[in-house]
Amino acid sequence: MPRRPPIYSDFYYNPLTEDVEELLARFQQTESVRYTVFSAIWREMGFSDVFIGISHVGEMKRFCRIAMATAMKYFLPPYSYQIRVGGLYLMFGFYNTQLAISPVKIRLALKDWNQVQKFIKDSVQAGHHDVLYIYHKLVATKAMDYTAMPHFLTFQKQRKPKKESVCAEFLGRTTAVQDLISSNILEEVTNMQSQYEKLKEATVEVSCKVTMTHRDFVSRMKGCMSEFITWQQRAFSQDNKDKNAGDDEEKPAEDQHSSSTRARLLSSIKDKSYSSFQEASKSRRHRKAETVDATSSGAELVQETATVRKKKRPPSLRARTWKSLRVTQEKSKLQAWLLSVPEKQDRVPVKRDNQVAPFRP
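The model shown is predicted, which means the values in this text are computed figures rather than measured ones. (Residues numbered from 1 in each chain as written. Predicted model: local features only at pLDDT ≥ 70, side-chain atom pairs only at ≥ 80, totals over all residues. Heavy atoms only, no water.)

### Structural notes on the pairing of strand E1 (residues 106-109)
Consecutive side chains of a regular strand alternate in pointing toward one face of the sheet and then the other.
Alright, step 1. Of the two faces of E1, both are covered, the one formed by Ile106 and Leu108 as well as the one formed by Arg107 and Ala109.
Alright, step 2. In terms of strand pairing, E1 meets strand E2 (residues 144-147) through 4 bridges, oriented parallel. Across the sheet, residue Leu108 finds its bridge partner in E2, namely Tyr146. (Buried < 20%, exposed > 50% of the residue type's maximum accessible area, 1.4 Å probe, protein only. Helix = DSSP H or I, 4+ residues; strand = E, 2+ residues; numbered from the N terminus. Pairing = 2+ DSSP bridges.)

Next up, the structure:
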């Protein structure tokens, strides 16, 4: 049985994604955005051979589209700047090493255009000329195809598309708090605080009654920011340790968690059922329970349930038409093939005179 070709609506190919993430992880460990470092890792892993071995033209085109879409995924947020640079270099490498006769272009959706322009602007400000050269090289060779959607719209698209997992190690950390510490904002806040205290002391009547600010506001803010940075570093390191741990330790914990949740669910159901039980009032407890005759109960219950379940069907279209035209059942017993009936005919069937005899050879 021939192998069924993969549907492009799946967008990504899992083995290719694993290899790409390994390449980007090695590039991330170098802590560099130079193209020479990336190309050395590319050649070391032999990434140019991913297109070898596909003989069918249609399958080659399909795989090239999947490779371009995978590289584009890491070129866009929410990944860090270095990973996005690696995604750009991946697109350049895949486009120039593909074996398709008419090269498959990189699809860039309109919704991602602002993110790409912001990335280029940040690269210009940082002075990363390798990144700018590779991007403008792709644009000059018309390798990018500006489209309305990032993927092809097909009739076989899944109703619930798969949610691709985001690699947590490639995500960019929030640096807003660090920028706040390194800037002159704290010094300005200290000056404003001291100026406020001076104005407050100048007004003798209000100096003791009003306390709108904290005197140690700047020291508190420094403590909160340092605490957040230490927590962030500890959380990222702990996530990496948990990922490197074996799966054998995770499975018993998951089984124990599922069993505990099931036990809690059963106990809650029992509590609800017991709480819904209502005792009879004291005035009715002395009455005896009504007995049901075993002989007559069976057939009567069956008949009652049958009558209850039996639904009344609405009248048919024919009956409604007769009712609207006021036609009784006796008047309706006419020959269906007659257009008109003589008035003095006493409901006698009339035989056709112009019938043609059947053909007999």
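### Comments concerning the pattern of salt bridges
In a structure, side chains of opposite charge can pair up when their charged atoms sit close to one another.
Alright, step 1. Counting across every chain of the model gives 5 salt bridges.
Alright, step 2. For Arg26, the salt bridge is made with Glu22, and the minimal N-O distance between the two is 3.2 Å. Here Arg26 and its partner Glu22 are both found in helix H1 (residues 14-29), 4 residues apart, which amounts to about one turn of the helix.
Alright, step 3. Under the relative-accessibility criterion, Arg26 is labelled partly exposed at 31%.
Alright, step 4. Judged by its relative accessible area of 37%, Glu22 falls in the partly exposed class.
Alright, step 5. Residue Arg34 pairs with Asp130 through a salt bridge whose shortest N-O separation is 3.0 Å. Here Arg34 is found in the loop between H1 and helix H2 (35-45), whereas its partner Asp130 is found in helix H6 (residues 129-140), with 96 residues between them in sequence. (Salt bridge = Lys/Arg side-chain N within 4 Å of Asp/Glu carboxyl O.)

### Side note on the packing of helix H5 (residues 113-126) against H6
Alright, step 1. Contact geometry for H5 and H6: axes closest at 8 Å, N-to-C directions at 140°. One element, H5, and the other, H6, form an angle in the oblique class. Judged by the sense of rotation from one axis to the other, the crossing of H5 with H6 is left-handed. Every residue of H6 that contacts H5 at Trp113, Val116, Gln117, Phe119, Ile120, Ser123 and Val124 is listed here: Val131, Leu132 and Tyr135.
Alright, step 2. Classifying every residue of the contact of H5 with H6 gives 8 nonpolar, 2 polar and no charged. (Axes fitted to C-alpha atoms, helices over the stretch in contact; angles between N-to-C directions. Parallel < 35°, antiparallel > 145°, perpendicular 65-115°, else oblique. Left-handed = near helix turned anticlockwise from the far one by under 90°. Contact = heavy atoms within 4.5 Å. Nonpolar A, V, L, I, M, F, W, Y, C, P; charged D, E, K, R; others polar.)

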